[in-house]
Amino acid sequence: MNRSLLLQDAGKASGGAANEDLELGRVPEGEEWELTHIAVEDETTAFTSVRLGVRRGVAFIPLEEHVGGVAGELYTANRPFYLQAGNILVARFVGTTSGDLLRLYANGLAYHMG
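Visitor: Even after reading the chapter, I still don't get the overall build of the protein, so can you show me in this structure?
Guide: Per the secondary structure count, the protein includes 0 helices and 10 strands. Seen in sequence order, the protein has helices and strands lined up from the N terminus as β-β-β-β-β-β-β-β-β-β. Relative to its length of 114 residues, the protein is compact, with a C-alpha radius of gyration of 14 Å against a globular reference of 13 Å. Taken along the three principal axes of its C-alpha coordinates, the protein extends 45 × 25 × 20 Å. With 114 residues in all, the protein has 42% of them scored as buried. Summed over all atoms, the accessible surface of the protein reaches about 5800 Å², with 53% contributed by carbon and sulfur.

Written as structure tokens, this is what we have:
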């Protein structure tokens, strides 16, 4: 049985590190996810860039990048992302300011594979 997904990160205050990662959900065993809508935002200040990608084990695989982010503006993925069991959706913000409120949103479908 397939089901609809609506994932929202509660938000993270940037610590001012070179890279700040937000992660959403680990795909459970026996499922695959099709994330049809993904959006990221720094609610507080402008940032250098944000990379959307997938974490597989310890590896981060960037799939898309938006450069020159403006505070309070949503940046959306240009295509669906497909995640396999064990994968995690990641937004890697670069050049944030300490205390910035970072957000990651996604929705799509979960497919039962078995």
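Visitor: It is not clear to me how the side chain of Asp 42 should be interpreted in this structure. Could you clarify?
Guide: Looking at the element boundaries, Asp 42 is found in strand S4 (residues 31-42). Lacking a salt bridge, the buried Asp 42 has Arg 103 as its closest oppositely charged neighbour, with an N-O distance of 9.3 Å. At 3.3 Å, the side chain of Asp 42 forms a polar contact with the backbone nitrogen of Thr 45. Beyond its immediate stretch of four places on either side in the chain, Asp 42 contacts Phe 47, Val 70, Ala 71, Gly 72, Phe 93, Thr 96, Asp 100, Leu 101 and Leu 102.

Visitor: What am I meant to see in the sheet that holds strand S5 (residues 47-56) here?
Guide: Two orientations exist for strands paired in a sheet by backbone hydrogen bonds: parallel and antiparallel. As summarised here, the arrangement of the 4 strands in space is S3-S9-S5-S6, forming an open sheet in which the pairing is antiparallel. If you trace the sheet from one side to the other, it starts and ends with strand S3 (19-26) and strand S6 (59-69), each paired once. Between one strand and the next, the sheet's axes are offset by a mean angle of 20 degrees, whatever the strand orientation.

Visitor: Hey, could you run me through the pairing of strand S9 (residues 88-94) in this one?
Guide: Looking down a regular strand, the side chains alternate between one sheet face and the other. Of all 7 residues that make up S9, 6 are buried, and the element is covered over most of its length. Here S5 pairs with S9 via 7 bridges, running antiparallel. Directly across from Arg 55, in S9, lies its bridge partner Ile 88.

Visitor: Explanation requested: the side chain of Asp 21 in the structure shown.
Guide: Tracing the backbone through its elements, the reader meets Asp 21 in strand S3. Of the polar contacts made by the side chain of Asp 21, one reaches the side chain of Arg 55; its length is 2.9 Å. At 2.7 Å, the side chain of Asp 21 and the side chain of Arg 92 are in polar contact.

Calculation notes
Residues numbered from 1 in each chain as written. Predicted model: local features only at pLDDT ≥ 70, side-chain atom pairs only at ≥ 80, totals over all residues. Heavy atoms only, no water. Helix = DSSP H or I, 4+ residues; strand = E, 2+ residues; numbered from the N terminus. Rg over C-alpha atoms; globule rule 2.2 N^0.38 Å. Buried < 20%, exposed > 50% of the residue type's maximum accessible area, 1.4 Å probe, protein only. Areas by Shrake-Rupley, 256 points an atom, 1.4 Å probe, with all protein chains shown as cover. Lys, Arg positive; Asp, Glu negative; His and termini not counted. Salt bridge = Lys/Arg side-chain N within 4 Å of Asp/Glu carboxyl O. Polar contact = N/O pair within 3.5 Å; in protein donor to acceptor, adjacent residues only side chain to side chain. Contact = heavy atoms within 4.5 Å. Pairing = 2+ DSSP bridges. Axes fitted to C-alpha atoms, helices over the stretch in contact; angles between N-to-C directions.

Distances and angles like these do not, on their own, reveal function.
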